[in-house]
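An overview of the molecular structure
Residue-level listing of the chains:
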Amino acid sequence: MPSFASIVALAQRPQVRAIVTQLAGAGFAFVSFVLLARTLAPTDFGAWVLFLTAVTFLDMVRHGLVQSARVQRSAGSTPAQERTLMGGAWVRGLVTTSVLALGVFAIGRLLPSAGAFWLFFDWYPLLAVAALPHLVATWNGLAREHFGRLLVLKVILAGGFAVFVVANFLAPHLHWAQAGLSGIARAYVGIHLAASTLMLALGWTRLRPLRLATHRAVRTLYRFGRYSVGTALGSNLLRSADQFILGLWLGPAAVAFYGVPQKLIEIVEIP
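Remember, predicted model here, so these are calculated numbers, not experimental data. Counting from 1, residues in each chain are numbered in the order their sequence is written. Local features in a predicted model are, by the rule used here, given only for residues with pLDDT of at least 70; side-chain atom pairs are given and counted only at 80 or more, and totals for whole chains, interfaces and linings are based on all residues. Side-chain calculation: all heavy atoms of the structure are included, whereas hydrogens and water are not.

1. Some details on the confidence of the model for the protein
The quantity called pLDDT is the predictor's confidence in a given residue, expressed from 0 to 100. The share of residues in the protein with pLDDT of 70 or more is 90%, and the mean pLDDT across the chain is 80. Secondary structure follows DSSP: runs of H or I at least 4 residues long count as helices, runs of E at least 2 residues long count as strands, and numbering of each begins at the N terminus. Mean pLDDT across the secondary structure elements of the protein bottoms out at helix α1 (residues 4-11), with 48, and peaks at helix α7 (residues 181-202), with 93.

2. Here we look at the packing of aromatic side chains
Note on aromatic contacts: the rings of Phe and Tyr and the six-membered ring of Trp form a pair at centre separations within 6.5 Å, being stacked when their planes are under 30 degrees apart, edge-to-face when over 60 apart, and tilted otherwise. The full count for this structure, using the stated rule, is nine aromatic pairs. Seen in terms of ring centroids, Phe33 and Phe45 are 5.0 Å apart; in terms of plane orientation they differ by 70°. Their pairing is edge-to-face. Separated by twelve residues along the polypeptide, Phe33 in helix α2 (residues 14-39) and Phe45 in helix α3 (residues 42-74) bring together distant segments of the chain. A relative accessible area of 10% means that Phe33 is categorised as buried. The buried label goes to any residue with under 20% of its type's maximum accessible area, the exposed label to any with over 50%, and the partly exposed label to all in between, with areas taken from a 1.4 Å probe on protein chains only.

3. Let's talk about the environment of Ile19
Residue position: Ile19 is located in helix α2. C-alpha of Ile19 to C-alpha of Phe147: the two residues are 128 residues apart in sequence and 9.8 Å apart in space.

4. Quick notes on the packing of helix α4 (residues 79-110) against helix α5 (residues 118-143)
Fitted lines through C-alpha atoms give the axes, limited to the stretch in contact for helices. The angle between two N-to-C directions lies from 0 to 180 degrees. It is at 9 Å that the axes of α4 and α5 come closest, and there the two elements cross at 170°. Considering the angle they form, α4 stands roughly antiparallel to α5. A breakdown of the residues in the contact of α4 with α5 according to their chemical character gives 19 nonpolar, four polar and two charged. Here the word oblique covers every angle except those under 35 degrees (roughly parallel), over 145 (roughly antiparallel) and from 65 to 115 (roughly perpendicular). Three residue categories are used. Nonpolar comprises Ala, Val, Leu, Ile, Met, Phe, Trp, Tyr, Cys and Pro, charged comprises Asp, Glu, Lys and Arg, and polar comprises the others, including Gly.

5. Regarding the side chain of Thr39
Along the polypeptide, Thr39 turns up in helix α2. Within the local environment of Thr39, its side chain forms a polar contact with the backbone oxygen of Leu35, the two atoms lying 2.7 Å apart. Whenever two N or O atoms come within 3.5 Å, that pair is a polar contact, provided that in protein one can donate a hydrogen and the other can accept it, and provided that, for residues adjacent in sequence, both atoms are side-chain atoms.

6. Quick notes on α7
Helix span, as expected, comes to 1.5 Å for every residue beyond the first. With 22 residues, α7 extends 32 Å from end C-alpha to end C-alpha; this agrees with the ideal 32 Å at 1.5 Å per step. Among the residues trailing α7, Gly203 stands out with phi positive, at a value near 80°.

Here it is as structure tokens:
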């Protein structure tokens, strides 16, 4: 039988912490997914699945443009260079977030009807802005191998939303008013905003390096990230295309029925 010291040493390995972070996030997300499937009508649940799918797809743009380059360039960097890279990551994140948020907002207002994607067009601009600080904290944590911080952040995001979903599921039994789809989206954005605020308060996402960003650092991150973002988008589009097609042609109810078995497959793919 392994000793307590060996178990502690194993738990401190970066690989183990990374796996635990993924499992914790996936576990909470699965609980939220199942309870929302039981709480919402098929049409509303399909709109929620499309919302999450579209959010994940656009977040791949933000991660792809910064994350890989941020991690790669941090290897062997001096403290001064690290601060410059942190500032460059902030600049790239701000620019990308502004373009995506304004673009989605404009398209949502120009379309005569958003159809099954109405929830995404209504809430993504706010979510993109609210989530930016904790995305920067994620990039910094990966670059500096602070996997314990990433686990805490994942528990706050996925766990906090799971607690809300459980409370909302039990609301009729507790004689509370049950939140509808817009209320759930509002809570989702609020949890991301709370996580970002906490990251700023704890100093895990620092604003000070923003003024240290240089044109060279921003250009370096862009040159590396423009290649990784293509790979990330391509792989994610292969996974998401079926849901987008179902939502456009058959409506959100079809996405709801398709999304449940697909979530089970995603759980199996985590290891």
